[in-house]
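# Structural features, examined
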Amino acid sequence: MKEREVEAKRLIGKKQVRGKIYEYEYYTLPLNLYIPKSMVEKFGVKYMLQVDEDTGTITIKPRSS
């Protein structure tokens, strides 16, 4: 099992619908994993990413202070 510390990146997206432009924000981790905004607000931006290569399972845990 591989384990590493990662940090969530804040991204701003833009979408045009019927001539009006909408902006939204979302958070992402390495390996193109999206993380809910509520989780970032609750735990912060630093997480432990555990990848089990045998089963193909990815586990994301908040980093303990």
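Above this text sits the structure in question.
This section reports on the structure supplied with the text. On a predicted model such as this, the values are computed, not experimentally measured, just so you know. (Residues numbered from 1 in each chain as written. Predicted model: local features only at pLDDT ≥ 70, side-chain atom pairs only at ≥ 80, totals over all residues. Heavy atoms only, no water.)

### Digging into the overall build of the protein
Of the regular secondary structure elements, the protein holds one helix and six strands. Each helix and strand of the protein, ordered N terminal to C terminal, gives the series β-β-β-β-α-β-β. Scaling as 2.2 N^0.38, a compact globule of 65 residues should have a C-alpha radius of gyration of about 11 Å, whereas the protein reaches 15 Å, well beyond that. With the C-alpha coordinates of the protein rotated into their principal frame, the extents come out at 50 × 30 × 15 Å. Counting only residues that meet the buried cut, the protein has 22% of its 65 residues in that class. Of the roughly 5300 Å² of accessible surface on the protein, 48% is carried by carbon and sulfur atoms. Across the protein, the 13 positively charged side chains and the 9 negatively charged ones have centroids separated by 10 Å. (Helix = DSSP H or I, 4+ residues; strand = E, 2+ residues; numbered from the N terminus. Rg over C-alpha atoms; globule rule 2.2 N^0.38 Å. Buried < 20%, exposed > 50% of the residue type's maximum accessible area, 1.4 Å probe, protein only. Areas by Shrake-Rupley, 256 points an atom, 1.4 Å probe, with all protein chains shown as cover. Lys, Arg positive; Asp, Glu negative; His and termini not counted. Charge placed at Lys NZ, Arg CZ, Asp CG, Glu CD.)

### Things to note about the side chain of aspartate 52
Along the chain, aspartate 52 turns up in strand 5 (residues 46-52). The buried charged residue aspartate 52 lacks any salt bridge, with lysine 2 as its nearest oppositely charged partner at 11 Å. The contact partners of aspartate 52, leaving out residues within four places of it in the chain, are Met1 and Thr57. (Salt bridge = Lys/Arg side-chain N within 4 Å of Asp/Glu carboxyl O. Contact = heavy atoms within 4.5 Å.)

### A closer look at the sheet that holds strand 3 (residues 20-29)
Read from one edge of the open sheet, three strands run 2-3-4, paired in antiparallel fashion. Each edge of the sheet is formed by a strand with only one pairing partner; in this case those strands are strand 2 (9-17) and strand 4 (33-35). When strand polarity is set aside, the average angle formed by the axes of neighbouring strands in this sheet is 50 degrees. Sheet analysis places strand 2 next to strand 3, joined by nine bridges and oriented antiparallel. When the bridges of strand 3 are listed, leucine 11 appears paired with tyrosine 26. (Pairing = 2+ DSSP bridges. Axes fitted to C-alpha atoms, helices over the stretch in contact; angles between N-to-C directions.)

### A closer look at the packing of aromatic side chains
Evaluation of the coordinates by the stated rule reveals two aromatic pairs. Ring centres 5.9 Å apart and planes at 25 degrees place the aromatic pair tyrosine 24 and tyrosine 26 in the stacked group. The exposure class assigned to tyrosine 26 is partly exposed, which follows from its relative accessible area of 28%. Considering the side-chain rings of tyrosine 26 and tyrosine 34, the 5.7 Å spacing of their centres and the 55 degrees angle between planes classify their relative orientation as tilted. Under the relative-accessibility criterion, tyrosine 34 is labelled exposed at 60%. Of the aromatic side chains, those joined through ring pairs into one cluster are Tyr24, Tyr26 and Tyr34. (Phe/Tyr/Trp six-rings, centres within 6.5 Å; stacked < 30°, edge-to-face > 60°.)

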